Amino acid sequence: MAVTRTLVKRRRHRKPPRSIHAGYRGKSRRTQESSLSKENKRQIHFRDGFGEGYREGVQSGIQSYPTVFEGTSIVIPTFDQLALLKLCINSIIGNTNPPYEIIVVDNASTDGTADYLQQLGGQVRYRVLDNNRGFAGAINIGMMMAKGRTIVLLNNDTLVTEKWLDNLLICLHSDEGIGMVGPVTNYISGDQQISVPYRDVADMPNFARENNHSNIARWHRTDRLTGFCLLFRRELFEGNGYFDEGFEIGNFEDDDYNIRVRLLGKSLVMAQDTFIHHFGSVSMKALGNRFVEINERNRLYFMDKWQNPYEWIHQAKQHPELVQGTLPHIAHYYPEHIVVQAIGANIYWIEQGMRRLVVGALTFPSTRMSQVDLRRWPQGEPILAEEVEQRWRGLGDISGLEASVVILPDGVYYHLERGKVRRIISSAAMQAWNLHLKPLKAITPEKLEDWVQGLPIISPPLLRQIL
């Protein structure tokens, strides 16, 4: 900057001679060019400085990405409900004692939400999307951004209350076997809805203050927690992965996540000693007549994916791998002898609990998954595409059954791998892993009994964005 000021001063001493008509014609052409030159230089200096700052910021972000803080990331998806979002954020700021960060993901709102978030400055971290990616899509981006040791997923149409996070954290950390914790509220489907004495929301804080006294006797195991407010550890997110974006706009994605948590052997707990206010499905109500159509489509997607989910939960509880303790991650329910792909062009062969980089081109497709999913498998030695082709098709197996898909007379499909037989729970799971492209062989129930029964194979969450 000192050099620039010196140059400016020198130019002031070297004024060009003025024309006798200069007073009438304004600045001379040379003066205009000099001013333009100064402005161009300022713009160039700004662009250079901005670019350098951006590069430094990117490198700093990459280096600090694995770093977490001993606090809670509160992730709020939002869409066109600015007034409610303001109330929600203000309630968090006014009622939250433990360390926390607020992350807002805006689903391309048109009501000034982006401007509001920008005005908040450092009070929140946020991302404004260029299109509406639904509840699951926004939540996934928020979880990817989260830096906290624990994570809360919170609807934008809620008001949190005194000791809300304190009480939920006490419940969650009371038992390693607890996967997720949720509060009770005035408006929701299922067991978490309770009767409240107030009619005016202005009277709500007094009721919540009386209710929110930590009490282990008011914690109850449940089969289902709704997604308006969910608290869990970072380890659960790393083990269970992202929400399924196949559920459009909203509804059933929280049920799907609940099932996956329970398949890991973790329990769901309703904390009745924690109350927050819920205005109630405002975004879904705004859909009007489209709500019924979207809800039915999501219901069918859920049923196609899981068939009878509680059957798999019941079977998993009795499985030796789960009886010995909770499973560390959901990939235990994913098949082996498959190829997967995350960020970038690299494709990996999954075998014996490891991922191996495939060298060369394959004739069959890979399954797209997140970087979080991919990292669950430690990396082994690279493998040639030709060898992958043979193993995937079971060509190197003497019995002709290894790595094959078999079907029983009743139409039930199984995947054979490493001496185990694993039930493919649905056609959705078959398609998701491209198992329908593998050789199919008929088998008798008697022959199937010769194999060790492994965990069932479920679908991975569908991701419409690269995470």
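In this text, all values refer to a predicted model and were calculated from it rather than measured experimentally.

### Some remarks on the sheet that holds strand β14 (residues 367-368)
The five strands lie next to each other as β14-β11-β12-β13-β15, forming an open sheet whose pairing is mixed. Pairing within the sheet leaves two strands with one partner each, and these edge strands are β14 and β15 (383-384).

### A look at the sheet that holds strand β6 (residues 178-184)
On the basis of which strands lie adjacent, the open sheet formed by eight strands has the order β3-β2-β1-β4-β8-β6-β9-β7 and mixed pairing. If you trace the sheet from one side to the other, it starts and ends with β3 (125-128) and β7 (219-222), each paired once. Direction aside, neighbouring strands of the sheet carry axes that sit 25 degrees apart on average. With six bridges joining them, β6 and strand β9 (residues 267-275) adopt parallel strand pairing. Of the residues in β9, the one forming a bridge with proline 183 is alanine 271. Contacting β1 (69-78), β2 (100-106) and β4 (148-154), helix α4 (residues 82-95) crosses the sheet at an angle of about 170 degrees to β2. Where helix α7 (residues 164-172) meets the sheet, its contacts fall on β1, β4, β6, β7, β8 (229-233) and β9, and the angle it forms with β6 comes to roughly 150 degrees.

### Quick word on helix α10 (residues 253-263)
Within α10, eleven of the eleven residues are buried, which leaves the element mostly enclosed by the surrounding structure. Those residues of α10 not exposed but buried are Glu253, Asp254, Asp255, Asp256, Tyr257, Asn258, Ile259, Arg260, Val261, Arg262 and Leu263.

### Here's the deal with the packing of α10 against helix α12 (residues 290-306)
Following both chains from N to C, one finds α10 and α12 inclined at 25 degrees, their axes separated by 11 Å at the closest point. As summarised for this structure, α10 and α12 are arranged roughly parallel, according to the angle between their axes. In this structure, α10 uses Asp255, Asp256, Ile259, Arg260 and Leu263 to contact α12, whose residues at the interface are Phe302, Lys305 and Trp306. Residues belonging to the contact of α10 with α12 are distributed by class as follows: four nonpolar, no polar and four charged.

### So, the side chain of serine 91
In this structure, serine 91 sits in helix α4. Polar side-chain contacts of serine 91 include one of 2.6 Å to the backbone oxygen of cysteine 88. Setting aside residues no more than four positions away along its own chain, serine 91 makes contact with Thr158, Leu159 and Val160.

### Overview of the environment of asparagine 206
Take asparagine 206: it is sitting in helix α8 (residues 204-211). Its relative accessible area of 45% is what places asparagine 206 among the partly exposed residues. Once the C-alpha coordinates of asparagine 206 and threonine 161 are considered, the two residues, 45 residues apart in sequence, prove to be 9.5 Å apart. Within the local environment of asparagine 206, its side chain forms a polar contact with the side chain of arginine 209, the two groups lying 2.7 Å apart.

### A short note on the pairing of strand β11 (residues 338-341)
Here β11 shows no split at all, with Ile338 and Val340 on one side and Val339 and Gln341 on the other all buried. Bridge count between β11 and strand β12 (residues 347-351): four bridges; the pairing is antiparallel. Pairing of isoleucine 338 across the sheet is with isoleucine 350, part of β12. Hairpin connection, β11 to β12: the antiparallel pair is bridged by five residues, and glycine 344 has positive phi, about 90 degrees. Direction of pairing for β11 relative to β14: parallel, over a ladder of two bridges. The residue bridging valine 340 from the neighbouring strand is threonine 367, located in β14.

### Thoughts on the nonpolar core
By size, the foremost hydrophobic cluster in this structure holds 70 residues, and its most contacted members are Leu153, Met180, Phe232, Leu263, Tyr333 and Val340. Examining the composition of this core, we find that seven residues originate from one element, helix α6 (residues 134-145), more than from any other. Leave out the neighbours within four places in its chain, and leucine 153 touches Val75, Ile139, Met143, Gly227, Phe228, Cys229, Leu230, Phe232 and Phe243. Core analysis: the next-biggest nonpolar cluster, separate from the first, contains 32 residues, Leu117, Leu168, Cys229 and Ile276 among them.

### Remarks on the packing of α10 against helix α13 (residues 309-318)
Contact geometry for α10 and α13: axes closest at 9 Å, N-to-C directions at 15 degrees. Here α13 runs roughly parallel to α10, going by the angle between their axes. Between α10 and α13 the crossing geometry is left-handed. Counting all contacts with α10, which are made through Ile259, Arg262 and Leu263, the residues of α13 involved are Pro309, Tyr310, Trp312, Ile313, Ala316 and Lys317.

### Brief notes about unusual backbone geometry
If you check the backbone angles, asparagine 251 has positive phi at about 95 degrees while not being a glycine. Position of asparagine 251 relative to the elements: it lies in the loop between α9 (234-240) and α10. Assessed through its relative accessible area of 25%, asparagine 251 is described here as partly exposed. In this structure, asparagine 434 is a non-glycine residue whose phi angle is positive, near 60 degrees. Structurally, the position occupied by asparagine 434 is in the loop between α17 (427-432) and β19 (440-442).

### Side note on the packing of aromatic side chains
In total, this model carries eleven aromatic pairs according to the counting rule given. Between phenylalanine 207 and phenylalanine 275, the aromatic rings sit 5.0 Å apart at their centres with planes inclined by 85 degrees, giving edge-to-face as the arrangement. With a gap of 68 residues between them, phenylalanine 207 in helix α8 and phenylalanine 275 in strand β9 connect regions that are remote in the sequence. For phenylalanine 207, a relative accessible area of 16% puts it in the buried group. Clustering of aromatic rings is evident, with ring pairs tying together Phe135, Phe232, Phe243 and Tyr257. When the ring centre of tyrosine 348 is taken as origin, the NZ or CZ atom of arginine 355, which lies over that ring, is 5.3 Å away.

Rules used in this analysis
Residues numbered from 1 in each chain as written. Predicted model: local features only at pLDDT ≥ 70, side-chain atom pairs only at ≥ 80, totals over all residues. Heavy atoms only, no water. Pairing = 2+ DSSP bridges. Helix = DSSP H or I, 4+ residues; strand = E, 2+ residues; numbered from the N terminus. Axes fitted to C-alpha atoms, helices over the stretch in contact; angles between N-to-C directions. Contact = heavy atoms within 4.5 Å. Buried < 20%, exposed > 50% of the residue type's maximum accessible area, 1.4 Å probe, protein only. Parallel < 35°, antiparallel > 145°, perpendicular 65-115°, else oblique. Nonpolar A, V, L, I, M, F, W, Y, C, P; charged D, E, K, R; others polar. Polar contact = N/O pair within 3.5 Å; in protein donor to acceptor, adjacent residues only side chain to side chain. Core = buried A, V, L, I, M, F, W, Y, C linked by side-chain atoms within 4.5 Å. Left-handed = near helix turned anticlockwise from the far one by under 90°. Phe/Tyr/Trp six-rings, centres within 6.5 Å; stacked < 30°, edge-to-face > 60°. Lys NZ or Arg CZ within 6 Å of the ring centre and 35° of its normal.

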